[in-house]
Amino acid sequence: MRKQVVFIMGTAHCGSTLLTMVLGSHSDCLALGEVSNYPDAYRRDRPICSVCAGDCTFWNHHFSEQDARRLCHGFAERRLHKHIPLKLEKAVRGFFKSDQVFNPYSLIASQVEETTLIDSTKTVYWLEKKLAAREFQDKLLEPYLIHLIRDGRAVMGSYSRRKEYQGLSAADFGKQFGTLWQNRLNNEHKFYDSFSGNKIRLRYEEFATEPAQTAATLCKWLGLDFQPDMLNYWKHQHHVISGNSGTRASVQKHQTQSIEGQPDKATAGEKQESTKSQINKEPEIKLHTRWQKTLSPEQIDAFYRTTNNMNKAYEWQ
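Treat the numbers as computed from the prediction; the structure is a model and nothing was measured.

Draft legend 1. Representation of the packing of aromatic side chains in the model. Going through the model one piece at a time under the given rule, you end up with 22 aromatic pairs. Measuring from ring centre to ring centre gives 5.4 Å for Phe58 and Phe63, while their planes differ by 85°; the resulting arrangement is edge-to-face. Given a relative accessible area of 8%, Phe63 falls into the buried group. Above the plane of the ring of Tyr204 lies Arg150, whose end atom (NZ or CZ) is 4.1 Å from the centre.

Take a look at the structure:
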């Protein structure tokens, strides 16, 4: 089977981390997370993986130092040489078929058994840049696009907890968020319409309320057999980059931290207590509607007025 890359496109706080974890729990899928953040973590010598608390068995040990540098360059969208424009270097390298450094997904795909990679970076800018690479233009990899859409009020509720929006009046917050949300969603629709490959639109609310049915539909779309246990995403190994901290925390609580080949330092008593805690507090996939309590009618009204009621089409009752 040809290797494929699934790109998840959507606004911030659209549920992409949860969807990535569920898909990545399939035995033939590998969840990468928001790989656009790989270069910054690599250059700052910070942990690449946002799940492993310590040494990551995947990002830290699956690739050589040379491969890691190639991934950094391939995902960075920055000049390799300060005197040569990136666009020019890409064109020249592409002409001579020596542009492996700009094909990072192919490098990852060549070193893993899974056939499907999941990238949840989400932005149109990222998609345009990555899909222009030869690895997709020459069909070395098959791209798939999921447009994940969520009720704008729920997204707005998550944005309201950001520091940059604290202290704003209801009208100012609704206007600022509404402008940002509308512009981004319009760009996503435009890109989706222009994308000629395999694509599907997905409502976050449908996924959260009917996870088994939604996951089965996505698996069929990807040419994979549905595996019911993929819904228990927190029980599977994940090494995603960035993403929602709450979703990652649910995996961190259950993911084994011992490195293969090294003894587990936890005592039998600690393991037993940990197991009890996991049984008592297992996560679940459910629809979160916190925005109904946190947003004021004034904020929602300002949002609707700014966007000309655009969210009416995405409301979830």
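Draft legend 2. Here's a closer look at the packing of helix α6 (residues 124-131) against helix α9 (residues 170-194). For the pair α6 and α9, interaxial distance at closest approach is 10 Å and the crossing angle is 30°. In terms of orientation, α6 and α9 fall into the roughly parallel class. Along the contact surface, α6 presents Val124, Leu127, Glu128 and Leu131, while α9 presents Asn187, Glu188 and Phe191. The residue makeup of the contact of α6 with α9, split by class, is four nonpolar, one polar and two charged.

Draft legend 3. Representation of the sheet that holds strand β3 (residues 116-122). Pairing is parallel across the open sheet formed by five strands, whose spatial order is β2-β3-β1-β4-β5. Bordering the open sheet on either side are β2 (29-33) and β5 (198-203), each of which pairs with just one other strand. Averaged over neighbouring strand pairs, the angle between their axes works out to 20° when direction is ignored. For β2 and β3, the ladder comprises four bridges, and the chain directions are parallel. Residue pairing across strands places Gly33 opposite Asp119, the latter belonging to β3. Each of β1 (4-9), β3 and β4 (142-149) touches α6; the most contacted strand, β1, lies at about 160° to it. Most of the contacts of helix α11 (residues 211-222) go to β5, to which it runs at about 175°, and overall it touches β1, β4 and β5.

Draft legend 4. Up close: the pairing of β3. Summarising burial for β3: seven of the seven residues are buried, a large majority. Covered by surrounding structure in β3 are Thr116, Ile118, Ser120 and Lys122 together with Leu117, Asp119 and Thr121, the residues of both alternating faces. Examined bridge by bridge, β1 and β3 share five bridges and lie parallel to one another. Directly across from Phe7, in β3, lies its bridge partner Asp119.

Draft legend 5. Representation of the environment of Trp291 in the model. With respect to the secondary-structure elements, Trp291 resides in helix α14 (residues 291-294). Separated by 137 residues in sequence, Trp291 and Ala154 place their C-alpha atoms 5.4 Å apart. If we skip the residues at most four places from it in the chain, Trp291 touches Arg153, Ala154, Gly157 and Ile300.

Draft legend 6. Broad picture of the pattern of salt bridges. Counted under the stated rule, the structure contains 12 salt bridges. Across the pair Arg44 and Asp40 runs a salt bridge, and its minimum N-O distance is 2.8 Å. When its relative accessible area of 37% is taken as the criterion, Asp40 is described as partly exposed. Between Glu315 and Lys312 there is a salt bridge; the shortest N-O distance is 3.8 Å.

Draft legend 7. How the structure looks around the nonpolar core. In terms of nonpolar packing, the biggest core is built from 69 residues, with Trp59, Tyr105, Ile108 and Ile146 touching the most fellow members. Those residues in contact with Tyr105, other than ones at most four positions away along the chain, are Val5, Phe7, Leu32, Val35, Phe75, Leu117, Asp119, Trp126, Lys130, Glu135, Phe136 and Leu141.

Draft legend 8. Focus on α6. Considered for burial, the residues of α6 that qualify are Val124, Trp126, Leu127, Lys130 and Leu131. Seen from one end, α6 has its buried residues packed into an arc of 160°, which puts them on one side.

Cut-offs and rules
- Residues numbered from 1 in each chain as written.
- Predicted model: local features only at pLDDT ≥ 70, side-chain atom pairs only at ≥ 80, totals over all residues.
- Heavy atoms only, no water.
- Phe/Tyr/Trp six-rings, centres within 6.5 Å; stacked < 30°, edge-to-face > 60°.
- Buried < 20%, exposed > 50% of the residue type's maximum accessible area, 1.4 Å probe, protein only.
- Lys NZ or Arg CZ within 6 Å of the ring centre and 35° of its normal.
- Axes fitted to C-alpha atoms, helices over the stretch in contact; angles between N-to-C directions.
- Helix = DSSP H or I, 4+ residues; strand = E, 2+ residues; numbered from the N terminus.
- Parallel < 35°, antiparallel > 145°, perpendicular 65-115°, else oblique.
- Contact = heavy atoms within 4.5 Å.
- Nonpolar A, V, L, I, M, F, W, Y, C, P; charged D, E, K, R; others polar.
- Pairing = 2+ DSSP bridges.
- Salt bridge = Lys/Arg side-chain N within 4 Å of Asp/Glu carboxyl O.
- Core = buried A, V, L, I, M, F, W, Y, C linked by side-chain atoms within 4.5 Å.
- Arc of directions from axis to C-beta.

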